[in-house]
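# A closer look at the structure
The residues making up each chain are set out below.
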Amino acid sequence: MVRAFDRHKSSSFNLRKMLESLPGRQSHSSIQPSSGGSSPKEMKKVGSPFILSNDKGPVLRLSKEGGGALDEGPSDIDLMKERFAKLLLGEDMSGGGKGVSSALALSNAITNLAASVFGEQKRLEPMSPERKARWRKEVDWLLSVTDHIVELVPSQQQSPDGTTMEVMVTRQRGDLLVNIPALRKLDAMLIDCLDNFKGQNEFNYVDSKDENGSEKAGKQRENGKWWIPTVKIPPGGLSEATRKWLQYQKDSVNQVLKAALAINAQILTEMEIPESYIESLPKNGRASLGDAVYKSITDDSFDPEQFLATMDLSSEHKILDLKNRIEASIVIWQRKMNQKDGKSSWGLAVSAEKRELFEERAETILLILKHQFPGIAQSSLDITKIQYNKDVGHAVLESYSRVLESLASAVINRIDDVLYADNIARNSSTESDGKQSQSEHEEKMNLEDTSSMTLMDFMGWNTDQGDDVKKSNSTGDLDQFLKGGNEKLMVTKTPDHIITNKKISYLERLEKLGGMRSPTARH
């Protein structure tokens, strides 16, 4: 019994020593001095998260001062995991399955990324290296999804024995294979365009908080965007080389805008129209457009430019309302042309040829509106298509082209601000030079007139006036004077500029001239 108890005691004692030797247990009991014979204040606990120091308090081991990596940002792998986790969950972080579709989640991810990186392009300046690197890195992650959207295509393969056979191989889907490289090229062109403004010093920007910033903004900008910095131009305007270079940059970005618009319009056309949108449509195109617009579109002599000139496009709301009505009428006419059952509520009251003509006219108006107002908000049809779209490839192409379209439109607006401010500066300089030259000319003429004046000119004594007085005393001249109907009442020798004290009334003048006015009284 005693031997058994001793064995039990020794085993329990060894177990306790083993537990005390673990790091977690040792941190509460063991204290080890530091090397070099340092003082007890410099001693540290083994396993403690803090480091004791002479001049500082406890420092975290994982901080920068402690030599750790706690303050470093998340790695690329962690960011990628977070992005794709949100995509898989459909933006529903609760995991309850109430999230949106994968296509809409990916579309929102690209839109939100562009909004956080670009924001509202307020200045013509290069992107910072951090923003540029973030955009390229994260947009590559989101676009990598399209590498796995494939289709089967036939391919010729040759076997080892020399025979040729046709097999089906996978390839990236056709629309993605064409449009993704094109959009990447447009993306690079826009960023290069912003990089071209590095080092320019002929114009700068003044914030609205500046003492004269709000006043200048009111003169230079009419769109009411007071939060955008005001362009400051030298008094004489920009140089001719800079003006031509700005115009060239604007033309280049305009080509990018047109390409992005074309890709976006094509993708939206290929998306299916949701049933919820179709159910909300009226019965016919007249009810959607209104009598006045319907009459203008269906008129025999139709001119789209003249039609838009007669419409009220003074605000974004009115432009968007016209766009929504025209798109709804196009959908109605297309459904009626494709409708086979003539007895349904979509009955053919107008011939198919006329409906096709009306549809072409409406699409022409929409195309002009999109090019004339590129920054306009999306229509109800576009929003509904994007919301109910299930095709991931279409979602990526639509969102990527849309954010590039918005960026290109913003860059063009900023270039227009600079050109507009330059035009104002040149006009004001021309007007000031013209006024200065006119004032100098008038001053010179006044000096010449003053130097050539005589005493008679200064007093108003004109020699011609004396001759008129002499002629008026003769009878022949008087008859000619009366026949001509010229009623000169002041036929005196008194100069015009000398004021006499005696005032002669109008009646007295008539009495003195009374004998001369009646030919029979002289006889």
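Residues numbered from 1 in each chain as written. Predicted model: local features only at pLDDT ≥ 70, side-chain atom pairs only at ≥ 80, totals over all residues. Heavy atoms only, no water.

## Side note on the overall build of the protein
Applied cut-off: Secondary structure counts use DSSP, requiring at least four H or I residues in a row for a helix and at least two E residues in a row for a strand, with both numbered from the N terminus. Exposure categories follow from relative accessible area, calculated using a 1.4 Å probe and restricted to protein chains: below 20% of the type maximum is buried, above 50% is exposed, and the middle band is partly exposed. Pairs of residues are marked as contacts when any of their non-hydrogen atoms sit within 4.5 Å.
Within the protein, the regular secondary structure consists of 21 helices and eight strands. Counting across all 523 residues of the protein, residues that qualify as buried make up 29%. Taking contacts inside the protein between residues at least 6 apart in sequence as the whole, the part at least 24 apart equals 66%.

## Side note on the pairing of strand β5 (residues 150-158)
Stated formally: Criterion used throughout: strands pair if DSSP finds at least two bridges between them.
Note that β5 and strand β6 (residues 164-172) share nine bridges and pair antiparallel. Paired with P154 across the two strands is M168, which belongs to β6. Between β5 and the antiparallel strand that follows it, β6, lie five residues; G162 among them carries a positive phi value of about 100 degrees.

## Some points on the layout of surface pockets
Space left empty within the atom packing is revealed by a probe, the size of a water molecule, rolled over the atoms. Note the following rule: In the cavity and pocket records, a cavity denotes points on a 1 Å grid over the protein atoms alone where a 1.4 Å probe fits but cannot get out, a pocket denotes an open set with protein on both sides within 12 Å along at least 5 of 7 lines, and lining residues are residues with an atom within 4 Å of a point. Grid points are joined across faces, edges and corners, and a volume is the space filled by probe spheres set on the points.
Taken as a whole, the largest pocket encloses approximately 1,400 Å³ of empty space. For the largest pocket, the lining is made up of 45 residues, of which P374, G375, I376, S409 and N413 are closest to its centre. Breaking the lining of the largest pocket down by element, the ones donating at least two residues are α4 (102-117), α8 (240-270), α13 (316-338), α14 (352-372) and α16 (392-452). In terms of residues, the lining of the largest pocket owes the most to one element, α16, which gives 13 residues.

## Considerations on the side chain of S107
With respect to the helices and strands, S107 occurs in helix α4. For S107, a relative accessible area of 2% puts it in the buried group. Dropping the residues within four chain positions of it, S107 is found in contact with I386, A395, E398, S399 and R402.

## With respect to the environment of I319
In this fold, I319 is placed in helix α13. The exposure class assigned to I319 is buried, which follows from its relative accessible area of 6%. I319 sits 58 residues away from A377 along the chain, and the two C-alpha atoms are 9.4 Å apart. Each residue touching I319, except ones within four places of it in the same chain, is listed here: L313, L369, F373 and I376.

## A word on helix α6 (residues 174-195)
Defined as follows: Expected span of a helix: the number of residues minus one, times 1.5 Å. The arc under discussion is defined with respect to the helix axis, by the directions toward the C-beta atoms.
When the terminal C-alpha atoms of α6 are compared, their 33 Å separation across 22 residues agrees well with the 32 Å that a helix rising 1.5 Å per residue should span. All of the buried residues in α6 are D175, L176, N179, I180, L183, L186, D187, L190, I191, C193 and L194. The buried side chains of α6 occupy one side of the element, clustering within an arc of 150 degrees when seen end-on. The exposed set on the far side of α6, more than 90 degrees from its buried face, consists of V178 and K185.

## Remarks on helix α5 (residues 129-143)
Here α5 spans 21 Å end to end across 15 residues, near enough to the 21 Å set by a 1.5 Å rise per residue. Of all the positions in α5, only K132, W135, E138, V139, W141, L142 and L143 are classed as buried.

## A look at unusual backbone geometry
At E91, a residue that is not glycine, the phi angle is positive and equals roughly 65 degrees. With respect to the helices and strands, the residue E91 is situated in the loop between α3 (76-89) and α4. The exposure class assigned to E91 is partly exposed, which follows from its relative accessible area of 41%.

## Topic: the nonpolar core
Quick reminder of the rule: The term nonpolar core refers to a set of buried residues drawn from Ala, Val, Leu, Ile, Met, Phe, Trp, Tyr and Cys, joined through side-chain atoms within 4.5 Å.
Residues L124, W135, F203, I233, Y400, V411 and V418 are the most contacted members of the largest nonpolar core, which totals 55 residues. Only α4, α5, α6, α8 and α16 provide two or more residues apiece to this core. A total of 14 residues in this core trace back to one element, the largest contributor, which is α16. Excluding residues within four positions of it along the chain, V411 makes contact with L124, C193, L194 and V253. Listed in part, the 20 residues of the second largest apolar core include V293, I326, I330 and L369.

## Concerning the pattern of salt bridges
Filter applied, for reference: Between Lys or Arg on one side and Asp or Glu on the other, a salt bridge is scored when a side-chain nitrogen of the former is within 4 Å of a carboxyl oxygen of the latter.
Applying the stated criterion to the full structure yields 18 salt bridges. Between D175 and R173 there is a salt bridge whose closest N-O contact spans 3.0 Å. Both residues of the pair, D175 and R173, belong to the buried class. A salt bridge links D422 to R426; the nearest nitrogen and oxygen atoms lie 3.4 Å apart.

## Digging into the packing of α13 against helix α15 (residues 380-388)
So the rule is basically this: Here the axes come from fitting lines to C-alpha atoms, over the contacting stretch only for helices, and the angles between their N-to-C directions go from 0 to 180 degrees. Reported orientations rely on four angle classes, namely roughly parallel under 35 degrees, roughly antiparallel over 145, roughly perpendicular from 65 to 115, and oblique for the rest. Amino acids are sorted into nonpolar (Ala, Val, Leu, Ile, Met, Phe, Trp, Tyr, Cys and Pro), charged (Asp, Glu, Lys and Arg) and polar (every other residue, Gly among them).
The N-to-C vectors of α13 and α15 enclose an angle of 65 degrees; their axes lie 8 Å apart at closest approach. The angle between the axes of α13 and α15 places the two elements in the roughly perpendicular class. Only S380, L381 and D382 of α15 make contact with α13, whose side of the interface consists of K323, N324, E327 and V331. Looking at the contact of α13 with α15 residue by residue, the classes come out as two nonpolar, two polar and three charged.

## Comments concerning the packing of aromatic side chains
The following threshold applies: The criterion for an aromatic pair is that two Phe, Tyr or Trp rings (for Trp, the six-membered ring) have centres within 6.5 Å, with stacked assigned to planes under 30 degrees apart, edge-to-face to planes over 60 apart and tilted to the rest.
Evaluation of the coordinates by the stated rule reveals five aromatic pairs. Centre to centre, the rings of F118 and W135 are 4.8 Å apart; their planes meet at 65 degrees, and the pair counts as edge-to-face. On the criterion of sequence distance, the pair formed by F118 in the loop between α4 and α5 and W135 in helix α5 is long-range, its members being 17 residues apart. Each of the two residues, F118 as well as W135, counts as buried. Residues F203 and Y205 carry aromatic rings whose centres are separated by 6.2 Å and whose planes lie at 80 degrees to one another, so their mutual orientation is edge-to-face. Considered together, F203 and Y205 belong to a single accessibility category, that of buried residues.

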